[in-house]
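Next come the chains, spelled out residue by residue.
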Amino acid sequence: MTMALIFCLTAGGALAKPHLRDVPEIDGTILAVGIADEIRKNCPAISARMVQAYRTVTGLKARARDMGYSDAEIDAYRKSDAEKARLKRARDAYLRQGGVAAGQTASYCDLGRVEIEKGSQIGALLRMN
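Below, the structure is looked at part by part.

Thresholds applied
- Residues numbered from 1 in each chain as written.
- Predicted model: local features only at pLDDT ≥ 70, side-chain atom pairs only at ≥ 80, totals over all residues.
- Heavy atoms only, no water.
- Helix = DSSP H or I, 4+ residues; strand = E, 2+ residues; numbered from the N terminus.
- Buried < 20%, exposed > 50% of the residue type's maximum accessible area, 1.4 Å probe, protein only.
- Contact = heavy atoms within 4.5 Å.
- Areas by Shrake-Rupley, 256 points an atom, 1.4 Å probe, with all protein chains shown as cover.
- Disulfide = S-S within 2.5 Å.

Let us look at the overall build of the chain. Check the secondary structure of the chain and you find six helices and two strands. For the chain, the sequential pattern of α-helices and β-strands runs α-α-β-α-α-α-α-β. Burial statistics for the chain: of 129 residues in total, 29% are counted as buried. Counting only contacts in the chain whose residues sit at least 6 apart along the sequence, the fraction spanning at least 24 positions is 72%. Element-wise, carbon and sulfur atoms account for 59% of the exposed surface of the chain, whose accessible area totals about 8,100 Å².

Right, here's the structure in full:
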């Protein structure tokens, strides 16, 4: 009986879900949405594909549910100030690496065009005006 209880406890621990920030499909997509949003806010020649962005976000929540995450777990991740700050740092690093200089509209537009042309996850959320 004791062995069965130990097995159940250790098996349950082994099946624990990782934090959503550690699920690349979820975290990476949220990061892509944030990067696309920052590009479109800073480049008047580019706008968001709002329907695509909505589908991406709602699909992401559905995917997280399919992976076994509860609405409470999803909302805790989505609303966490620490996670928002971490994603903002990652977004800003990606933008810098892509040649974006704060306050320089053209640099946001250049990166946006590159993302659109290569058909990246970020580019799929954007369109040229």
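That was the structure; now back to the text.
What the rule picks out here adds up to one disulfide. Shown here is the disulfide that connects Cys-43 with Cys-109, its sulfur atoms set 1.9 Å apart. For the disulfide bridge between Cys-43 and Cys-109, the dihedral angle about the S-S bond is near 110 degrees, and by the sign convention the bridge is right-handed. Residue Cys-43 is located in the loop between helix 2 (24–42) and strand 1 (46–48), and its partner Cys-109 is located in helix 6 (residues 105–118); the two are separated by 66 residues in the primary sequence. A residue is classified by how much of its surface remains accessible, and Cys-43, at 1% relative accessible area, is buried.

All we've got here are geometric facts, nothing functional implied.
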